[in-house]
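Next come the chains, spelled out residue by residue.
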Amino acid sequence: MIPQILFGILFFTLLGVAYVKGYDVVKAHSPEHLVHFYLIMATVRMLLVGTVVAIYVLLIASDREDAIRFALIYIIMYAIMMVTTLILRH
């Protein structure tokens, strides 16, 4: 379970950094598009997280409990990332 958690930390850190840096760029060049940027990034993050969870559950998980644990961890990490990026940029 440790490799999955480390991958999750790296994955969500990269998503968070992409959001924060992208937010700064959009705010500097065309602040009127911040709402569009937020909606696009929220969609991209949700799709990426869903894809990672689906790949793990369908291809890697050894049993049902492992799949449920992984999905719960990623849902919690996703929620924490959303709250953190909103606090940092709003």
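Above this text you will find the structure in question.
Nothing here was measured: the structure is a model prediction, and the numbers come from that model. (Residues numbered from 1 in each chain as written. Predicted model: local features only at pLDDT ≥ 70, side-chain atom pairs only at ≥ 80, totals over all residues. Heavy atoms only, no water.)

Participant: Run through the environment of leucine 48, naming residues and quoting values.
Facilitator: Checked against the element boundaries, leucine 48 lands in helix H2 (residues 34–60). Judged by its relative accessible area of 37%, leucine 48 is partly exposed. Remark: the alpha-carbon pair of leucine 48 and alanine 79, spanning 31 residues in sequence, is separated by 14 Å. Look past the residues within four positions of leucine 48 in its chain and what remains in contact with it is Phe11 and Leu15. (Helix = DSSP H or I, 4+ residues; strand = E, 2+ residues; numbered from the N terminus. Buried < 20%, exposed > 50% of the residue type's maximum accessible area, 1.4 Å probe, protein only. Contact = heavy atoms within 4.5 Å.)

Participant: So, the packing of helix H1 (residues 2–29) against H2: which residues are in play, and what are the values?
Facilitator: Packed helices, taken two at a time, are described by their axes: the angle between them and the distance between them. Close contact between H1 and H2 brings their axes to 10 Å; oriented N to C, the two are set at 165°. On the basis of their axis angle, the class for H1 and H2 is roughly antiparallel. For the pair H1 and H2, the sense of crossing is right-handed. From H1, Gln4, Phe7, Phe11, Phe12, Leu15, Ala18, Tyr19, Gly22, Tyr23, Val26 and Lys27 reach across to H2, where they touch Leu34, Phe37, Tyr38, Met41, Arg45, Leu48, Val49, Val52 and Tyr56. A class-by-class count of the residues in the contact of H1 with H2 yields 16 nonpolar, two polar and two charged. (Axes fitted to C-alpha atoms, helices over the stretch in contact; angles between N-to-C directions. Parallel < 35°, antiparallel > 145°, perpendicular 65-115°, else oblique. Left-handed = near helix turned anticlockwise from the far one by under 90°. Nonpolar A, V, L, I, M, F, W, Y, C, P; charged D, E, K, R; others polar.)

Participant: Give a description of H2 that names residues and reports values.
Facilitator: Between its terminal C-alpha atoms H2 stretches 37 Å, which fits the 39 Å expected from 27 residues at 1.5 Å a residue. Buried within H2 are the following residues: Leu34, Phe37, Met41, Ala42, Arg45, Val49, Val52, Val53 and Tyr56. (Expected span 1.5 Å × (residues − 1).)

Participant: Tell me about the packing of aromatic side chains, and please be specific about residues and values.
Facilitator: One pass over the full model with this rule turns up nine aromatic pairs. Judged by centre distance (6.3 Å) and plane angle (80°), the rings of tyrosine 19 and tyrosine 38 are edge-to-face. Linking tyrosine 19 in helix H1 with tyrosine 38 in helix H2, this pair joins segments that are 19 residues apart in sequence. Here tyrosine 19 falls in the buried class, since its relative accessible area comes to 0%. (Phe/Tyr/Trp six-rings, centres within 6.5 Å; stacked < 30°, edge-to-face > 60°.)

Participant: An account of the environment of valine 26 is requested, with residue identities and associated values reported.
Facilitator: Inspection of the secondary structure assignment puts valine 26 in helix H1. Distance from valine 26 to threonine 85, taken between C-alpha atoms, is 15 Å for residues 59 residues apart in sequence.

Participant: Talk me through the layout of surface pockets; I want residue IDs and the actual numbers.
Facilitator: Taken as a whole, the largest pocket encloses approximately 200 Å³ of empty space. Lining the largest pocket are 13 residues, and of these Phe12, Thr13, Met77, Ile80 and Met81 sit closest to its centre. Elements with a minimum of two residues in the lining of the largest pocket: H1 and helix H3 (64–89). In terms of residue count, H1 provides more of the lining of the largest pocket than any other element does, seven residues in total. A per-class count over the lining of the largest pocket returns eight nonpolar, five polar and no charged. (1 Å grid on protein atoms, 1.4 Å probe; cavity = no way out; pocket = protein on both sides within 12 Å on 5 of 7 lines; lining within 4 Å. Points joined across faces, edges and corners; volume = space filled by probe spheres on them.)

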